[in-house]
Amino acid sequence: MNDCIYTFNGKDITMNVCIQIRAVIKLLQERLGLGFEEAAICFYQSETYKTLQNTDNALWAESAEYIMDQYLAESLTL
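A few points on the structure. (Residues numbered from 1 in each chain as written. Predicted model: local features only at pLDDT ≥ 70, side-chain atom pairs only at ≥ 80, totals over all residues. Heavy atoms only, no water.)

## Regarding the state of the cysteines
Thinking step 1. Under the definition given, this model contains 0 disulfides.
Thinking step 2. In this model Cys42 remains outside any disulfide bridge; the closest cysteine sulfur is found in Cys18, 19 Å from its own.
Thinking step 3. Exposure remark for Cys42: the relative accessible area of 30% places this residue in the partly exposed category. (Disulfide = S-S within 2.5 Å. Buried < 20%, exposed > 50% of the residue type's maximum accessible area, 1.4 Å probe, protein only.)

This is the structure:
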């Protein structure tokens, strides 16, 4: 069974993306004072999360802090 969800240049980067998602959610919890579930829902419904899933743009390779800043900037424009 192939558990590969995210790839970049033919390589499986699923673990990298999952680690980034978890790190961003943790930062959002700390920064916004949210519980895990609320922070996760907010992030999963964002354009930043959609962008992160498109591995061709390499957002997954940025720091979790950078990704969180992208999310916060997006939130300010809504």
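## What about the environment of Glu65?
Thinking step 1. Positionally, Glu65 belongs in helix 4 (residues 64-77).
Thinking step 2. The class for Glu65 is partly exposed, based on a relative accessible area of 44%.
Thinking step 3. Taking the C-alpha atoms as reference, Glu65 lies 8.5 Å from Ala23; in sequence the two are 42 residues apart. (Helix = DSSP H or I, 4+ residues; strand = E, 2+ residues; numbered from the N terminus.)

## What to know about helix 2 (residues 36-44)
Thinking step 1. The set of residues buried in helix 2 consists of Ala39, Ala40 and Phe43. Projected down its long axis, helix 2 shows its buried positions confined to an angular sector of 100°, all on one face.
Thinking step 2. If you follow the buried residues of helix 2, they end up packed against helix 1 (14-32), helix 3 (47-53) and helix 4. (Arc of directions from axis to C-beta. Contact = heavy atoms within 4.5 Å.)

## Focus: the pattern of salt bridges
Thinking step 1. If you walk through the whole model with that rule in mind, you get 1 salt bridge.
Thinking step 2. Among the salt bridges present, the one from Glu47 reaches Lys50, with a minimum N-O distance of 3.3 Å. Taken together, the residues Glu47 and Lys50, both in helix 3 and 3 residues apart, mark about one turn of the helix. (Salt bridge = Lys/Arg side-chain N within 4 Å of Asp/Glu carboxyl O.)

## Quick notes on the nonpolar core
Thinking step 1. If you look at the biggest cluster of nonpolar residues, it comprises 21 residues, and the most contacted ones within it are Ile21, Val24, Leu28, Phe43 and Leu52.
Thinking step 2. Counting only elements with at least two residues in this core, the list comes to helix 1, helix 2, helix 3 and helix 4.
Thinking step 3. By residue number, the principal contributor to this core is helix 1, which donates 6 residues.
Thinking step 4. In contact with Leu28, other than residues within four places in its own chain, are Gly33, Leu34, Ala39, Phe43, Met68, Tyr71 and Leu72. (Core = buried A, V, L, I, M, F, W, Y, C linked by side-chain atoms within 4.5 Å.)

## Here we look at the packing of helix 1 against helix 4
Thinking step 1. Two elements in contact, helix 1 and helix 4, have axes whose closest approach is 9 Å; the angle formed by their N-to-C orientations is 60°. Taken together, helix 1 and helix 4 sit at an angle that is classed as oblique. You can see that helix 1 and helix 4 cross each other, and the crossing is right-handed. Counting all contacts with helix 1, which are made through Gln20, Ala23, Val24, Leu27, Leu28, Arg31 and Leu32, the residues of helix 4 involved are Ala64, Glu65, Ile67, Met68, Asp69, Tyr71 and Leu72.
Thinking step 2. Across the contact of helix 1 with helix 4, the residue classes tally to 10 nonpolar, 1 polar and 3 charged. (Axes fitted to C-alpha atoms, helices over the stretch in contact; angles between N-to-C directions. Parallel < 35°, antiparallel > 145°, perpendicular 65-115°, else oblique. Left-handed = near helix turned anticlockwise from the far one by under 90°. Nonpolar A, V, L, I, M, F, W, Y, C, P; charged D, E, K, R; others polar.)

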